[in-house]
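Here is what each chain is made of, one letter per residue.
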Amino acid sequence: MSLPGRCFPAIVLFVTLCLSTAMAMADTAPFPSATGLRIGTSLMGEDIEQYDLFFARNLPWTKPLDSGWQLESVGELTASTLHNDQEDGFSGSIAADLFLVSPERRFSFNSGVGAGLLEDYVLGDYDFGGPIFFLFHTGARLHLTPRISLGYRYAHQSNGHIYTKNPSLNLHQIELCFSF
């Protein structure tokens with residue numbers, strides 16, 4: 001599949017996320033939302049690239065700390081395109097994150113867990129073992145403006161030994177996030 005063909009599902013998902021973002025902006029709930037893009041490459045020789053589109057919503061559980069830092073909880077939905085050996089696959093996941101945000105909201109650290117489904121669990125010569133996966137990620141964001149941030153994330157996913165094969169996928173990811 002050519003690059004434009006590979007990008008079409010991502011473009012459709014991005015437009016969908018933008019529309020949901022516009023609808024969420026009309027919401028009067030006090031919890032901010034964000035949408036963004038991530039690009040990642042595998043760490044351990046899997047030769048897999050992953051492109052994410054995500055929508056995140058702050059959850060109502062926050063905890064201000066005496067130091068001025070704040071703990072915040074976030075729920076995230078992600079649609080991903082994976083690429084390996086001229087073959088593409090899609091996945092979707094849901095995760096819960098905990099953010100530690102600096103006093104003036106200039107940067108934050110995060111960690112989260114979640115679960116997802118793979119459209120096809122064999123991608124090129126890489127067999128994920130089955131369609132269900134679990135994920136863990138940790139990272140940091142630099143808030144360039146109150147609305148735009150740039151981040152790094154280490155992501156790990158595997159099926160947690162629920163199938164006979166349990167290969168993992170470990171990624172370095174760079175993200176661009178738009179908050180509203």
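Above: the structure in question.
Residues numbered from 1 in each chain as written. Predicted model: local features only at pLDDT ≥ 70, side-chain atom pairs only at ≥ 80, totals over all residues. Heavy atoms only, no water.

1. Description of the environment of proline 60
By secondary structure assignment, the location of proline 60 is in strand 2 (residues 49-64). Here proline 60 falls in the partly exposed class, since its relative accessible area comes to 47%. Each C-alpha atom, one on proline 60 and one on serine 73, is 7.2 Å from the other, the two residues being 13 residues apart in sequence. (Helix = DSSP H or I, 4+ residues; strand = E, 2+ residues; numbered from the N terminus. Buried < 20%, exposed > 50% of the residue type's maximum accessible area, 1.4 Å probe, protein only.)

2. Quick notes on the packing of aromatic side chains
The geometry of two aromatic rings is summed up by the distance between their centres and the angle between their planes. Under the defined criterion, the tally for this structure stands at 4 aromatic pairs. Each ring, one from tryptophan 69 and one from phenylalanine 107, has its centre 5.6 Å from the other, and the planes form 70°; the classification is edge-to-face. In this pair, tryptophan 69 is assigned in the loop between strand 2 and strand 3 (70-84) and phenylalanine 107 in strand 5 (residues 107-118), connecting sequence segments 38 residues apart. Seen from their ring centres, tryptophan 69 and phenylalanine 109 are 6.3 Å apart, and the 20° between their planes marks the pair as stacked. With tryptophan 69 in the loop between strand 2 and strand 3 and phenylalanine 109 in strand 5, this residue pair connects regions lying 40 residues apart in the sequence. One aromatic cluster is present, built from ring pairs that chain together Trp69, Phe107 and Phe109. Across the ring face of phenylalanine 54, the terminal group of arginine 38 is positioned such that the distance to the ring centre comes to 4.0 Å. (Phe/Tyr/Trp six-rings, centres within 6.5 Å; stacked < 30°, edge-to-face > 60°. Lys NZ or Arg CZ within 6 Å of the ring centre and 35° of its normal.)

3. As for empty space enclosed by the protein
For the structure shown, the criterion picks out 3 cavities of 30 Å³ or more. Estimates place the volume of the largest cavity at around 130 Å³. As for the largest cavity, its lining consists of 17 residues, and the residues nearest its centre are Gln50, Leu135, Arg153, Ala155 and Gln157. Broken down by secondary-structure element, the contributors of at least two residues to the lining of the largest cavity are strand 2, strand 3, strand 4 (87-101), strand 8 (132-143), strand 9 (148-158) and strand 10 (169-179). Classifying every residue of the lining of the largest cavity gives 6 nonpolar, 9 polar and 2 charged. (1 Å grid on protein atoms, 1.4 Å probe; cavity = no way out; pocket = protein on both sides within 12 Å on 5 of 7 lines; lining within 4 Å. Points joined across faces, edges and corners; volume = space filled by probe spheres on them. Nonpolar A, V, L, I, M, F, W, Y, C, P; charged D, E, K, R; others polar.)

All quantities given are derived from atomic positions and should not be read as evidence of function.
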